[in-house]
Amino acid sequence: MPVIALVALAVSWNRHLSGWVLAIEAILLVGSVLAAVQHAEVIAHRVGEPFGSLILAVAVTVIEVALIVTLMISGKGDTSTLARDTVFAAVMLTMNGIVGISLLVGALKYRLAVFHPEGTGSALGSVITLATLTLVLPRFTTSASGSRFTASQLFFVAASALAVYALFVFTQTIRHRDFFLPPGMTDDEDVHAGPPSNRATVFSVVLLPVSLVSVVGLTKVESPAIEAGVAWLGFPASFVGVIIAIMVLLPESIAAVRAASQNRTQISLNLGYGSAMASIGLTIPTLAIASPWLPASLTLGLEPIQIVLLAVSAAVAVLTVVPGRAKTLHAALHLVLFAAFIFLAVVP
């Protein structure tokens, strides 16, 4: 898939494309995102923890940042809120979408979805802290206008977000790894499939950068079509951020549902909250570094309706996590909040 996508990119670069060609390249773009994550997972499995988690997180962050920056540079109109819309969409997709469907699958199949409140609670606390620092505070700071951070504020928040993410990775992979394993499983019992062969690893090492280049290039080619499609549907321009978040988090969503169906809800929650943390804790610092070269300043402060959705989601998530087991009702609450987010993103 990455090779086919790269060939298609080379053939179509700087050319006027018909609708059906753009549709094919859109499929190749989604396939390249899935392929990039797959190859990153192979490399991460071979390297082992804690570096494996970092490789996967960095690969996903490269994809997300590349999509945001490419659309900001090539997009029309005001793109200053694109990063905010994408990161917020990722938070809502993980906290309510991935978590909700995973809890629903686990509770329907096994009556209760069981997990460790110690590990999941620390992950949720990290997500709430990161979201508040990067997305809520800019709405209330007064040093800069327009829900923006000043340069010093942005640097402080970016450094804090990176520190929180690093501390969580250390906690999850080294200090308290047992809190992030499915209940009843010890660290010695956490047996995975054998590490990939040398050939498979080299194959992924070669194709991972090809996948990332394909994602960046095809995003530039598809960006006018994405914006035109959103406008044709009558959706707000901010819905582009939702599309980016769905594309980036599609592999994690599939993996989380699969884990929940195997009575490994803890793994599903690790994937959900871990993806939210990576989306904030790595994407925001990277964009902060790139901000001097971006065509528009970063507007990170959420709108009031978004702050309300985030606050309610955080409260419901805390009540879900504290008992260490969830019913279908808990899952339904998260999914209703996710549906409300999607609906209000279309009809603000």
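Each value, and the rule that gives it
- Residues numbered from 1 in each chain as written.
- Predicted model: local features only at pLDDT ≥ 70, side-chain atom pairs only at ≥ 80, totals over all residues.
- Heavy atoms only, no water.
- Helix = DSSP H or I, 4+ residues; strand = E, 2+ residues; numbered from the N terminus.
- Rg over C-alpha atoms; globule rule 2.2 N^0.38 Å.
- Buried < 20%, exposed > 50% of the residue type's maximum accessible area, 1.4 Å probe, protein only.
- Expected span 1.5 Å × (residues − 1).
- Contact = heavy atoms within 4.5 Å.
- Polar contact = N/O pair within 3.5 Å; in protein donor to acceptor, adjacent residues only side chain to side chain.
- Phe/Tyr/Trp six-rings, centres within 6.5 Å; stacked < 30°, edge-to-face > 60°.

Next up on the list: the overall build of the protein. Assigned secondary structure in the protein consists of twelve helices and two strands. Walking the protein from its N terminus toward its C terminus, one meets helices and strands in the order α-α-α-α-β-α-α-α-α-α-α-α-β-α. Its C-alpha atoms give the protein a radius of gyration of 20 Å, near enough to 20 Å, the size a compact globule of 348 residues would have. The principal-axis extent of the C-alpha atoms belonging to the protein is close to 55 × 55 × 40 Å. Scored against the burial criterion, the 348 residues of the protein give a buried share of 51%.

Attention now goes to helix H11 (residues 304–321). The end-to-end C-alpha distance of H11 is 26 Å, a good match for the 26 Å that 18 residues give at a rise of 1.5 Å each. Listed as buried for H11 are Gln306, Ile307, Leu309, Leu310, Ser313, Ala314, Val316, Ala317, Thr320 and Val321. Turning to H11, the residues buried within the fold contact helix H4 (82–110), helix H5 (117–136), helix H9 (265–281), strand E2 (325–326) and helix H12 (328–346).

Our focus in this paragraph is the side chain of threonine 320. As for its position among the elements, threonine 320 is in helix H11. A distance of 2.9 Å separates the side chain of threonine 320 from the backbone oxygen of valine 316, its partner in a polar contact. Not counting the four nearest positions on each side in its chain, threonine 320 is found in contact with Leu103, Phe115, Arg325, Ala326, His330 and His334.

A few words now on the environment of glycine 31. Relative to the elements of secondary structure, glycine 31 occurs in helix H2 (residues 19–47). For glycine 31, a relative accessible area of 11% corresponds to the buried category. As for glycine 31 and asparagine 198, which are separated by 167 residues in sequence, their C-alpha atoms are 24 Å apart.

Before going further, it helps to spend a moment on the packing of aromatic side chains. Applying the stated criterion to the full structure yields four aromatic pairs. Taken together, a centroid distance of 5.6 Å and an interplanar angle of 80 degrees make the contact between phenylalanine 88 and phenylalanine 341 edge-to-face. With a gap of 253 residues between them, phenylalanine 88 in helix H4 and phenylalanine 341 in helix H12 connect regions that are remote in the sequence. Of the two residues examined, phenylalanine 88 and phenylalanine 341, each falls in the buried class.

All right, on to the environment of leucine 112 then. One can find leucine 112 in the loop between H4 and strand E1 (113–114). Note: C-alpha distance between leucine 112 and serine 204 (92 residues apart in sequence) is 38 Å. The residues touching leucine 112, leaving out its near neighbours within four places in the chain, are Gly106, Ala107, Arg325, Ala326 and Lys327.

On to the side chain of serine 275. Inspection of the secondary structure assignment puts serine 275 in helix H9. There is a polar contact of 2.6 Å between the side chain of serine 275 and the backbone oxygen of leucine 271. Not counting residues up to four positions away in its chain, the partners in contact with serine 275 are Thr94, Leu249, Glu252 and Asn270.

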